[in-house]
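Now for the letters of each chain:
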Amino acid sequence: MKVSRRGMLAGAAAAGAAGVVGAVGLENQSEAATTTPEAREPVELTWFGTHAWQIRCGKSVVLTDPWLTRFHTGTFTPEGADPKTKLVIKPDVIDRHLSTADAILVHHGHYDHMADVPYVAKKTQATVLCTETHANMLRAMKTPNDLLSAVRGGEYLPFEGFTIEVFPSLHSCGGKRHTYAYPGYRYAVPPRPRHIEDLVEGGTLAFVITIAGLRILSLSTANFDPNALRGLQVDVVLAAPGGEPGITDRLLQTIKPVRKVIATHWDDFDKPLDDPGIPWTDLTPLRTSVEKTGAEFVVLDHLQKVTL
């Protein structure tokens, strides 16, 4: 089904408005929540485009892949991204939106997930959870070593006000050869990354954030590890479009039923954060996968919030 960018954006905006208006607590819908919405503090999610989310409850703040700078790479042109595009960090953009955090969750090492992490980590003094490859690249980018916590999957990590569970995951693949950009690992601290190709995938992680009794599964790409997530019980899933056909169907069959799925990483991230999000792909397949399970599909626009 071919949909124009304007049409996709209109659909996404309409879904986003419905999602925000209809975003309520998850009463009587999931056994995962340990308290009723009336008895717990609200949890506020703010989307900064790509997979950059701020999850806030009271004084507790968790950030996922906080990349707010955004710069032109050509990713969504017929030619594709120029791997020699220089990495840029815009502190003024970051400072406008982020002030504090307790934990930063790095899902994989690509520039659109990790390039701003060194600045955000130093600014907030948050604990950065990442693979050893990500940690080595972050060390090369002058991230203080004492902020870095290398994880592999399987960890259960209590913080004040929330817990983090770490799961091994997979980057989504595409094309005839089922590949993705900039694969690889860094087993030692490399030279300082200068170009987008220098930030390699370096292993992909998934996280479950449990905060105020709400369990949120955070996936940075459409792919996942079915063995790691089989039978997982959560209330909300952050799910991305793309990947191989039917992958979201398999995800929602692998985990226990959820009430709400929030679209992530659906925007053309060459465009500024202050502009409305422009879908890089048709969101209909993702929406269809979600709604046929009976779950609510929610789409937020840039800088929009939803309270759960």
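Scroll up to find the structure.
About the thresholds
Residues numbered from 1 in each chain as written. Predicted model: local features only at pLDDT ≥ 70, side-chain atom pairs only at ≥ 80, totals over all residues. Heavy atoms only, no water. Helix = DSSP H or I, 4+ residues; strand = E, 2+ residues; numbered from the N terminus. Buried < 20%, exposed > 50% of the residue type's maximum accessible area, 1.4 Å probe, protein only. Contact = heavy atoms within 4.5 Å. Areas by Shrake-Rupley, 256 points an atom, 1.4 Å probe, with all protein chains shown as cover. Salt bridge = Lys/Arg side-chain N within 4 Å of Asp/Glu carboxyl O. Core = buried A, V, L, I, M, F, W, Y, C linked by side-chain atoms within 4.5 Å. Pairing = 2+ DSSP bridges. Axes fitted to C-alpha atoms, helices over the stretch in contact; angles between N-to-C directions.

A. Broad picture of the overall build of the protein. Helix and strand counts for the protein come out as eight helices and 14 strands. In the protein, which comprises 308 residues, the proportion classed as buried is 54%. In the protein, of all internal contacts separated by at least 6 residues, the share reaching a separation of at least 24 is 67%. Of the roughly 13,000 Å² that the protein leaves accessible, carbon and sulfur atoms contribute 52%.

B. Structural detail: the pattern of salt bridges. If you walk through the whole model with that rule in mind, you get 10 salt bridges. D92 is the partner of R96 in a salt bridge, and the nearest nitrogen-oxygen pair spans 3.9 Å. Of the two residues, R96 and D92 both sit in helix α2 (residues 91–97), four residues apart, roughly one turn of that helix. Salt-bridge contacts for D274 lead to R96; the nearest nitrogen and oxygen are separated by 3.2 Å. Linking D274 in the loop between β12 (260–263) and α8 (284–291) with R96 in helix α2, this pair joins segments that are 178 residues apart in sequence. Taken together, the salt bridges that share partners define one network made up of D92, R96 and D274.

C. The nonpolar core, seen in detail. The biggest cluster of nonpolar side chains holds 53 residues, and the ones touching the most others in it are L45, I216, L217, L229, V237 and I255. It is strand β9 (residues 204–211) that provides the largest number of residues to this core, a total of six residues. Excluding its chain neighbours within four sequence positions, the residues that come into contact with L229 are F167, L217, L219, F224, L251, T254 and I255. Among the nonpolar cores identified, the runner-up in size contains 35 residues, and I104, A126, V128 and Y182 belong to it.

D. Molecular detail of the side chain of T85. Residue placement: T85 occurs in the loop between β3 (60–64) and α2. In contact with T85, other than residues within four places in its own chain, are F71, H72, T73, R194, H195 and I196.

E. Summary view of the sheet that holds strand β5 (residues 127–130). Ordered by their spatial adjacency, seven strands build an open sheet running β6-β5-β4-β3-β2-β1-β14, and the pairing between neighbours is mixed. The open sheet has two free edges, formed respectively by β6 (148–150) and β14 (305–307), since each of these has just one partner strand. Ignoring which end each strand starts from, the neighbouring axes of this sheet average 20° apart. Strand direction decides the pairing type here: strand β1 (residues 44–47) and β14, joined by three bridges, are antiparallel. In the sheet register, T46 faces β14, and the bridge partner there is K305. Each of β3, β4 (103–105) and β5 touches helix α4 (residues 117–124); the most contacted strand, β4, lies at about 165° to it. Along the sheet, helix α5 (residues 132–140) contacts β5 and β6; its crossing angle with β5, the most-contacted strand, is approximately 130°.

Geometric values such as these leave the question of function open.
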